[in-house]
Amino acid sequence: MNLNAIKAIYFFEMARTRRTLMQSIASPVLSTSLYFIVFGSAIGSRIQEVNGVSYGSFIVPGLVMLSLLTESISNASFGIYFPKFTGTIYEILSAPVSSMEAVIGFVGAAATKSLILGTVMLATASLFVEIKIAHPFLMVFFLVLTCVSFSLFGFIIGIWADNFEKLQVIPMLVITPLVFLGGSFYSASMLPPFWQKVTLFNPILYLVSGFRWSFYEIGDVSLEISLLMILLFLTSCLGVVAWMFKTGYHIKK
């Protein structure tokens, strides 16, 4: 394995984050603070507790997941799309760099950025509410799995997209609504029976539920099913990325 190639891609992508700290870190932190101010005061005053947890603490895992999913996809998709847009992708393809090494470099950098963001958001949330992490190792495991999986998904979007508009279509019109409707700010048990069943078809529900369980040992679905869903999604993304490089889909054309 060409470790130098992986390091070159990885550190180049990480350097881009340092040049855009306001957009990469400050903006999500400000958004998180506004969520707590708005939801905490407007809704928290009406909903004191959800499943024995204060409402402000209850929404922390959902807020972190919302940012992690969108930022992972955004970082990874832009990271691979921009070389395609400028034509520098051919330098990577012609260099002694395998497809696996390129994926590790790009996806690793995007996942690292998301992990940093998740850590900063948790620290920010702790300023507003009391956070209890019942299973810290499981929480970190979920964080890493989510960041890697959705960075891979963003990598797929970046390869698929042929203009800047397509980079935003899926994150804005698909992922964000699914996160809001996936139990980020409420428990599925609060919904009528029919909508509880409909919510089970939302894949984000399983991510939020598993992540919340690592905090408060409560969830809308079992922990085992949540882990199975994220591992299944990770495997599917790996398969799609492998197929894209094998066929040269939107890469060599």
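Residues numbered from 1 in each chain as written. Predicted model: local features only at pLDDT ≥ 70, side-chain atom pairs only at ≥ 80, totals over all residues. Heavy atoms only, no water.

1. Here's the deal with the overall build of the protein
Counting secondary structure elements, the protein contains 11 helices and 2 strands. Going from N to C terminus, the protein has its helices and strands arranged as α-α-β-β-α-α-α-α-α-α-α-α-α. Radius of gyration (C-alpha) of the protein: 19 Å, near the 18 Å computed for a compact globule of 253 residues. Along the three orthogonal principal directions, the C-alpha set of the protein runs to about 60 × 35 × 35 Å. Residue burial in the protein is summarised as follows: out of 253 residues, 48% are buried. Taking as baseline every contact in the protein between residues at least 6 positions apart, the subset at least 24 positions apart corresponds to 80%. Counting only carbon and sulfur atoms, one obtains 69% of the accessible surface of the protein, whose full area is about 12,500 Å². Both charge centroids of the protein, one from 14 positive and one from 11 negative side chains, sit 7 Å from each other. (Helix = DSSP H or I, 4+ residues; strand = E, 2+ residues; numbered from the N terminus. Rg over C-alpha atoms; globule rule 2.2 N^0.38 Å. Buried < 20%, exposed > 50% of the residue type's maximum accessible area, 1.4 Å probe, protein only. Contact = heavy atoms within 4.5 Å. Areas by Shrake-Rupley, 256 points an atom, 1.4 Å probe, with all protein chains shown as cover. Lys, Arg positive; Asp, Glu negative; His and termini not counted. Charge placed at Lys NZ, Arg CZ, Asp CG, Glu CD.)

2. Description of the nonpolar core
Grouped together as the largest cluster of nonpolar side chains are 60 residues, with contacts concentrated most on Ile59, Val60, Val64, Leu69, Phe150, Phe155 and Phe211. No other element matches the 13 residues that helix 7 (residues 136-160) contributes to this core. Not counting chain neighbours up to four residues away, the residues in contact with valine 64 comprise Gly118, Met121, Leu122, Leu143 and Phe211. (Core = buried A, V, L, I, M, F, W, Y, C linked by side-chain atoms within 4.5 Å.)

3. As for the pattern of salt bridges
Applying the stated criterion to the full structure yields 2 salt bridges. Of the charged contacts in the structure, one is a salt bridge between glutamate 13 and lysine 113, with a shortest N-O distance of 4.0 Å. Residue glutamate 13 is found in helix 1 (residues 3-19), and its partner lysine 113 is found in helix 6 (residues 99-125); the two are separated by 100 residues along the sequence. Comparing glutamate 13 with lysine 113, the two get one shared label, buried. The salt bridge partner of aspartate 162 is lysine 166, with a shortest N-O separation of 3.4 Å. A residue is classified by how much of its surface remains accessible, and aspartate 162, at 47% relative accessible area, is partly exposed. (Salt bridge = Lys/Arg side-chain N within 4 Å of Asp/Glu carboxyl O.)

4. What about the packing of aromatic side chains?
This structure, assessed with the given rule, holds 13 aromatic pairs. Centroid distance phenylalanine 150 to phenylalanine 153: 6.3 Å. Interplanar angle 80 degrees. Geometry classified as edge-to-face. With phenylalanine 150 and phenylalanine 153 both in helix 7 and 3 residues apart, this pair spans about one turn of that helix. Here phenylalanine 150 falls in the buried class, since its relative accessible area comes to 4%. A ring pair is formed by phenylalanine 180 and phenylalanine 185, whose centres lie 5.4 Å apart and whose planes are at 35 degrees; its orientation type is tilted. Here phenylalanine 185 falls in the buried class, since its relative accessible area comes to 7%. Taken together, the ring pairs in this structure connect Phe78, Tyr81, Phe82 and Phe85 into an aromatic cluster. Its guanidinium or amino end placed over the ring of phenylalanine 58, arginine 212 lies 3.8 Å from that ring's centre, counting from NZ or CZ. (Phe/Tyr/Trp six-rings, centres within 6.5 Å; stacked < 30°, edge-to-face > 60°. Lys NZ or Arg CZ within 6 Å of the ring centre and 35° of its normal.)

5. Overview of helix 7
Between its terminal C-alpha atoms helix 7 stretches 36 Å, which fits the 36 Å expected from 25 residues at 1.5 Å a residue. For helix 7, a buried count of 18 out of 25 residues is recorded, marking the element as mostly surrounded by other parts of the structure. (Expected span 1.5 Å × (residues − 1).)

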